[in-house]
Amino acid sequence: MKKEKLLIVGFGDLGHRLVKLIDTTQYEICGICRIKRNMPTGVEGIYADACDSLQMRSILANNYDVVVVTLTPDERNDANYRRSYVDSVKLLCAQLRQRQPRLIIFVSSTRVYAQNCGEIVDEKSPTEPREFAGRRLLEAEQVLLDSGLNSCVVRFSGIYGRGEGHLLKQVKAGIGCPSFPVQYSNRIHADDCAGVLAHLIDLQRRETLAPVYLATDCEPVSLWELKCWLARQLGLEEAQLSQSSDLSRQAGSKRCSNQLLLSTGYQFRYPSFRDGYRKVIGPV
């Protein structure tokens, strides 16, 4: 059987994890990144800017079957988010219309939701982001979904498992959060992020995908409960954590549902924050 061609646009940590799950007897894999880096065995590195039309035209002439778009802005501001997400997706869609890959996946975020009162949100919930990051991600999503290309969007919740991470550093520093009003946290381990992408790439061979999947683990949790649990795992006392509201600013407080993703047959490697953070923390 002829190998399919897989292109990962924005090859970083998630790309590294994804290729470990891809059968290289079935795929030729290429990864685009802005700077030169060591690529995994079996992956062709392409050093280019996803917003450069000439570079992308040349790259996409190779007629990729699957394109995974996982981009990161250079800086956290509106102009960079617009360029990294909206402009690059517009360019990709313009170049891919005549080539029609079997699947394009855009990696987005639950930042597109603005719910802040503990609501349960899913793929059909209103998306009315109040800050620029969520607005630009939502704009890029819509560009892709309106393109007529065979595509889907995956909205990941808070990704952890890439090193120590922000939450663990906060807990070690004694930084907690208010126990009331409740602030909900939604987590997904980076390995499950890669697992979800690999699952959808394979699933699309057999059935039509939904336009949007919300990818988060099976247990939304209050941020206070999560930080107290982490403190206990680290051998710290809960009383050592502050409850100051200005030390932990959250973009929202919602409970994300993964029911649609579970209905496709995906099985989480780390179904809850406990499973995943035990792996991250290791022996104490």
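Bear in mind that the values here come from a model prediction, so they are computed numbers and not experimental data. (Residues numbered from 1 in each chain as written. Predicted model: local features only at pLDDT ≥ 70, side-chain atom pairs only at ≥ 80, totals over all residues. Heavy atoms only, no water.)

Colleague: Honestly, the pairing of strand S2 (residues 27–33) in this entry has me stumped. Any pointers?
Modeller: Working note: regular strand, side chains alternate between the two faces of the sheet. Within S2, six of the seven residues are buried, which leaves the element mostly enclosed by the surrounding structure. Inspection of the sheet shows strand S1 (residues 4–9) paired to S2 by six bridges, in the parallel sense. Of the residues in S2, the one forming a bridge with Ile8 is Gly31. Since S1 and S2 lie parallel, the crossover through helix H1 (residues 13–19) that links them has a hand, and here it is right-handed. For S2 and strand S3 (residues 43–47), the ladder comprises five bridges, and the chain directions are parallel. Opposite Ile32, over in S3, you have Ile46 as the bridge partner. (Buried < 20%, exposed > 50% of the residue type's maximum accessible area, 1.4 Å probe, protein only. Helix = DSSP H or I, 4+ residues; strand = E, 2+ residues; numbered from the N terminus. Pairing = 2+ DSSP bridges. Right-handed = clockwise from strand over helix to strand, strands pointing away.)

Colleague: How do you make sense of the sheet that holds strand S5 (residues 103–109) when you look at a structure like this?
Modeller: In a beta sheet, neighbouring strands pair by backbone hydrogen bonds and run either parallel or antiparallel. Spatial strand order, S3-S2-S1-S4-S5-S7-S11: seven strands in an open sheet with parallel pairing. Looking at which strands have only one partner, the edges of the open sheet turn out to be S3 and strand S11 (212–215). The mean angle between the axes of side-by-side strands here comes to 20 degrees, regardless of whether they run parallel or antiparallel. As paired strands, S1 and strand S4 (residues 66–69) are joined by four bridges and run parallel to one another. Within the sheet, the bridge partner assigned to Val9 lies in S4 and is Val69. (Axes fitted to C-alpha atoms, helices over the stretch in contact; angles between N-to-C directions.)

Colleague: I'm lost on the pairing of S5 in this one. Help?
Modeller: Burial of S5 is extensive: seven of the seven residues sit out of reach of the surface. Burial along S5 is two-sided: the face carrying Leu103, Ile105, Val107 and Ser109 and the face carrying Ile104, Phe106 and Ser108 are both buried. Where S4 meets S5, four bridges bridge the pair, whose relative direction is parallel. Note that in S5 the partner of Val66 across the bridge is Leu103. Taking the sense of rotation as the criterion, the β-α-β connection linking S4, helix H3 (residues 78–96) and S5 turns out right-handed. Examined bridge by bridge, S5 and strand S7 (residues 151–156) share six bridges and lie parallel to one another. Within the sheet, the bridge partner assigned to Ser109 lies in S7 and is Phe156.

Colleague: How should the nonpolar core be read in this particular structure?
Modeller: The tendency in soluble globular proteins is for nonpolar side chains to be buried side by side. Core analysis: the biggest nonpolar cluster contains 38 residues, and Leu7, Ile32, Ile46, Ile59, Tyr64, Val67 and Phe106 have the highest contact counts within it. Among the secondary structure elements, those contributing two or more residues to this core are S1, S2, helix H2 (53–60), S4, H3, S5, helix H4 (132–145) and S11. If sequence neighbours within four positions are ignored, Val67 has contacts with Leu7, Val9, Leu96, Leu103, Ile104 and Ile105. Among the nonpolar cores identified, the runner-up in size contains 36 residues, and Tyr27, Cys33, Ala194 and Leu261 belong to it. (Core = buried A, V, L, I, M, F, W, Y, C linked by side-chain atoms within 4.5 Å. Contact = heavy atoms within 4.5 Å.)

Colleague: I would appreciate a short explanation of unusual backbone geometry in the present structure.
Modeller: Glycine aside, a negative phi is what most residues show, and trans is what most peptide bonds show. Omega for the peptide link from Phe180 to Pro181 comes to -5 degrees, which places this bond in the cis form. With respect to the secondary-structure elements, Pro181 resides in the loop between helix H5 (165–172) and strand S9 (184–185). One non-glycine residue with positive phi stands out, namely Asn63, at about 55 degrees. Summarising the element assignment, Asn63 is placed in the loop between H2 and S4.

Colleague: Sorry, what's going on with the packing of H3 against H4 here?
Modeller: Packed helices, taken two at a time, are described by the angle between their axes plus the distance between the axes. Taken N-terminus to C-terminus, the directions of H3 and H4 make an angle of 5 degrees; their axes are 9 Å apart at the nearest point. It follows that H3 is roughly parallel to H4 by the angle criterion. Facing Asp78, Tyr81, Arg82, Tyr85, Val86, Val89, Lys90 and Cys93 of H3, the residues of H4 in contact are Phe132, Ala133, Arg136, Leu137, Glu139, Ala140, Val143 and Leu144. Tallied by class, the residues present in the contact of H3 with H4 amount to eleven nonpolar, no polar and five charged. (Parallel < 35°, antiparallel > 145°, perpendicular 65-115°, else oblique. Nonpolar A, V, L, I, M, F, W, Y, C, P; charged D, E, K, R; others polar.)

Colleague: Hey, could you run me through H4 in this one?
Modeller: In an α-helix, one turn spans 3.6 residues; hence positions three or four apart end up facing the same way. The first and last C-alpha atoms of H4 sit 20 Å apart over 14 residues, in line with the 20 Å expected at 1.5 Å per residue. Turning to H4, its buried residues are Ala133, Gly134, Arg136, Leu137, Leu138, Ala140, Glu141, Val143 and Leu144. Tucked into the core, H4 has its buried residues touching H3, S5 and S7. (Expected span 1.5 Å × (residues − 1).)

Colleague: What is the right way to read the packing of aromatic side chains from this model?
Modeller: Within a pair of aromatic rings, the relevant descriptors are the distance that separates the centres and the angle that separates the planes. Inspection of the entire model under this criterion finds six aromatic pairs. Ring geometry for Tyr160 against Tyr277: centres 4.1 Å apart, planes inclined by 10 degrees, an arrangement best described as stacked. Within this pair, whereas Tyr160 is found in strand S8 (residues 158–160), its partner Tyr277 is found in helix H9 (residues 273–281), the two being separated by 117 residues in sequence. Judged on exposure class, the residue Tyr160 and its partner Tyr277 are both buried. Of the aromatic side chains, those joined through ring pairs into one cluster are Tyr81, Tyr85, Phe106 and Phe132. Its end group placed over the ring of Tyr184, Arg255 keeps NZ or CZ at 5.1 Å from the ring centre. (Phe/Tyr/Trp six-rings, centres within 6.5 Å; stacked < 30°, edge-to-face > 60°. Lys NZ or Arg CZ within 6 Å of the ring centre and 35° of its normal.)

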